[in-house]
Amino acid sequence: MRVTVIGTGYVGTVTGACLSYLGHRVTCVDIDPSKVARLRRGESPIYEPHLEEMLQLAARRGGIDFSTELAEAAAESEVIFIAVGTPPLPGGEANLTQIETAARSIGAAMDGSRYRVVVNKSTVPVGCGNLVETLIREGIGDALRTDRRDIRFGVASNPEFLREGCAVADSLYPDRIVLGAADENTLQVMRELYQPLVAQRFAPPPGVPRPPSLREVKLLATTLTSAEMIKYAANAFLAMKIGFANEIANICERVGAEATEVMTGIGLDSRIGAKFLNPGVGWGGSCFAKDVHALLHTAREYGYESKLLQASLDVNAAQRQMVIQKLQEKLYILKGRTIGLLGLAFKPDTDDMRDAPSLHIAERLLQMDARVKAYDPIAMPNCRQQRPDLRIRYCDSPLEAARDSDALVVVTEWQQFRSLDLEELAKEMATPILVDGRNLFLPAAAAAAGFDYTGIGRCPRPRGAASRPIRPEAGAAAPLPLIL
Ligand SMILES: NC(=O)c1ccc[n+]([C@@H]2O[C@H](COP(=O)([O-])OP(=O)(O)OC[C@H]3O[C@@H](n4cnc5c(N)ncnc54)[C@H](O)[C@@H]3O)[C@@H](O)[C@H]2O)c1
């Protein structure tokens, strides 16, 4: 099928590359000429594993091209995806300016030559399907087309659930495809588009193997409004699940339980599931905060105050502060101290710095007159470009970040950090303090390497010792024995 994807960000580029891989003929459109120029050269505008190879493969097969001009591509396409940004406004609601511009331009480009489906892939508040339809009609009207009565189109909502860092695999092997539409014609076109994905009738691309158990992808057809709600509800739930793990970890620290063991114990319950239960420095990224705020805003518009959604935002904000508290507990004074950050990206395998916890941590430390050094294998150029105000000293290696620092903080769990020589790092430091914000290392191994180690929700006592020492009662002659 002929497909146009509007927006070549994290979602649009991956969607375009994967649809082309499935055999569709795709044009990706963006208003940013520098992105389009890079894509035409076969370069990905973002760091995302396997994406560049997919784009180059698609270009070699002649299944993809890139443009700054929407009109021609949209006129020739049967399916037009809107994958532009929906960043938050100060009040929490989604900024729909990019969507509105895209929808009007689609309307202006349409003619009566075929039936088209316009698909909202951007995360948009409930009611946006209707808004997009109205804007398309206005765009058709503005273009003063003589054939406007013959122009037929449908609007679908097809929320995206990919995770940055494994976006190609998530797009080719999704847990489900959600399609919201008001009419059967629109649904039928979308079913046809996704048929190769649903049936998994394609050879996996190099380096992106199909999960062994995957035979068919579930396709859930819903109303437009339900599809829009599914996306917000999914992100709100995931944010809440991580927040829950962090809350329990904070309690574990106080009672002397090991949070990683507790999470394994609850994650084995099939009703809970093991994923998204890793305690850490809090979630970040472009979606969770934005989407939870937007859902809270929608709820308020309808007169409902969601205490749970608000709590998950509050818990996350407090968790980011936890790193500062741990540094204060170890060093007392942070003024004039040098803190090395390992990792800046909001998660591994991405260069995305949007709402990254590292930014909050660096900001707080700098406000407190500490010095901040940082190393990240991929995200340093983005961080430098997006936050020139942060006086971070960027380092060429983890060792350089550790050198002469008073403490080292693991902020992002990059795979390559797992194999670091901890002894070598500890020797380079002014004081070998390690705040492991992602529970990447075993406390005993870090201690053996010479570190004063603290993780998130981790019990500092060795396995086999009392989970909590029993204090002698007032006046007792001898201390009570430890319970083993
Ligand atoms: N990033 C993710 O992991 C992710 C996952 C699921 C859903 N989403 C949602 O998908 C949407 C896109 O997210 P993203 O991270 O890809 O955004 P992004 O900011 O990386 O990319 C958006 C792109 O759209 C382009 N654009 C804006 N207006 C345009 C127009 N009128 N015509 C053509 N191009 C235009 C911008 O130049 C930019 O390149 C958002 O609503 C987001 O919430 C994102």
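Predicted, not measured: the structure shown is a model, and the values here were computed from it. (Residues numbered from 1 in each chain as written. Predicted model: local features only at pLDDT ≥ 70, side-chain atom pairs only at ≥ 80, totals over all residues. Heavy atoms only, no water.)

Right, let's get into the side chain of Gln-319. By the secondary structure assignment, Gln-319 is in helix α12 (residues 307–331). A relative accessible area of 1% places Gln-319 in the buried class. Leave out the neighbours within four places in its chain, and Gln-319 touches Asn-246, Asn-250, Gly-280, Val-281, Gly-282 and Ile-456. (Helix = DSSP H or I, 4+ residues; strand = E, 2+ residues; numbered from the N terminus. Buried < 20%, exposed > 50% of the residue type's maximum accessible area, 1.4 Å probe, protein only. Contact = heavy atoms within 4.5 Å.)

All right, on to the sheet that holds strand β8 (residues 218–222) then. By way of backbone hydrogen bonds, the strands of a sheet pair with one another, either parallel or antiparallel. The mixed open sheet is built from 8 strands, whose spatial order is β3-β2-β1-β4-β5-β6-β7-β8. Edge positions in the sheet fall to β3 (64–67) and β8, since each of these pairs with one other strand and no more. Between one strand axis and the next, the sheet turns through 25° on average, direction left out of account. Relative to strand β4 (residues 79–82), strand β1 (residues 2–6) runs parallel, the two sharing 4 bridges. Residue pairing in the sheet places Val-5 in a bridge with Phe-81 of β4. The sheet contacts of helix α8 (residues 184–199) involve β1, β4, β5 (115–120), β6 (152–157), β7 (176–181) and β8, and relative to β7 the element is tilted by about 170°. (Pairing = 2+ DSSP bridges. Axes fitted to C-alpha atoms, helices over the stretch in contact; angles between N-to-C directions.)

Turning our attention to the pattern of salt bridges. Throughout the structure, instances matching the rule amount to 27 salt bridges. The closest approach of N and O atoms between Arg-271 and Asp-269, which form a salt bridge, is 2.8 Å. The exposure class of Arg-271 is exposed, given its relative accessible area of 74%. Beyond isolated ion pairs, a larger network of salt bridges with shared partners links Arg-38, Arg-41 and Glu-43. (Salt bridge = Lys/Arg side-chain N within 4 Å of Asp/Glu carboxyl O.)

Attention now goes to the site of the ligand. Near the ligand, the surroundings consist of 25 residues, among which Asp-30, Lys-35, Thr-86, Glu-164 and Lys-290 are the closest. The contact in question runs from an oxygen atom of the ligand to an N or O atom on the backbone of Thr-123, over 2.9 Å. In isolation the ligand exposes 830 Å². Once the protein is present, 90% of that is buried. In the shell around the ligand, the residues fall into 9 nonpolar, 9 polar and 7 charged. (Near = heavy atom within 4 Å. Polar contact = N/O pair within 3.5 Å; in protein donor to acceptor, adjacent residues only side chain to side chain. Areas by Shrake-Rupley, 256 points an atom, 1.4 Å probe, with all protein chains shown as cover. Nonpolar A, V, L, I, M, F, W, Y, C, P; charged D, E, K, R; others polar.)

Moving on: helix α11 (residues 288–301). Three- or four-residue spacings in an α-helix give side chains the same orientation, since the helix completes a turn every 3.6 residues. Over its 14 residues, α11 extends 20 Å from the first C-alpha to the last, a length consistent with the 20 Å expected when each residue adds 1.5 Å. Among the 14 residues of α11, 10 are classified as buried, and the element is accordingly described as predominantly covered. When α11 is considered as a whole, its buried residues turn out to be Phe-288, Ala-289, Lys-290, Asp-291, Val-292, Ala-294, Leu-295, Leu-296, Thr-298 and Ala-299. At its buried positions, α11 is contacted by α9 (224–255) and α12. (Expected span 1.5 Å × (residues − 1).)

To continue, consider the packing of aromatic side chains. Counting across every chain of the model gives 4 aromatic pairs. With centroids separated by 6.1 Å and ring planes inclined at 10°, the aromatic side chains of Tyr-173 and Phe-202 adopt a geometry described as stacked. In this pair, Tyr-173 is assigned in the loop between α7 (167–172) and β7 and Phe-202 in the loop between α8 and β8, connecting sequence segments 29 residues apart. By relative accessible area, Phe-202 is classed as buried at 12%. Ring geometry for Tyr-375 against Phe-417: centres 6.2 Å apart, planes inclined by 55°, an arrangement best described as tilted. With Tyr-375 in strand β10 (residues 371–375) and Phe-417 in the loop between β12 (407–410) and α16 (422–428), this pair connects stretches of sequence that are 42 residues apart. Just as Tyr-375 is buried, Phe-417 falls in that class too. Each residue in the set Tyr-21, Tyr-173 and Phe-202 is aromatic and connected to the rest through ring pairs, giving one cluster. The side chain of Arg-176 reaches across the aromatic face of Phe-161, ending 3.6 Å from its centre. Residue placement shows Arg-210 over the ring face of Phe-202; its charged tip is 4.8 Å from the ring centre. (Phe/Tyr/Trp six-rings, centres within 6.5 Å; stacked < 30°, edge-to-face > 60°. Lys NZ or Arg CZ within 6 Å of the ring centre and 35° of its normal.)

Attention now moves to the nonpolar core. Nonpolar side chains tend to gather and get buried jointly when the protein is soluble and globular. Grouped together as the largest cluster of nonpolar side chains are 53 residues, with contacts concentrated most on Leu-327, Ile-339, Leu-341, Leu-365 and Phe-451. Ranked by residue count, the leading element in this core is helix α13 (residues 357–367), at 5 residues. Beyond its immediate sequence surroundings of up to four residues, Phe-451 is in contact with Leu-408, Leu-422, Leu-425, Ala-426, Met-429, Pro-432, Ile-433, Leu-434 and Ala-446. Listed in part, the 47 residues of the second largest apolar core include Leu-22, Leu-39, Leu-55 and Leu-179. (Core = buried A, V, L, I, M, F, W, Y, C linked by side-chain atoms within 4.5 Å.)

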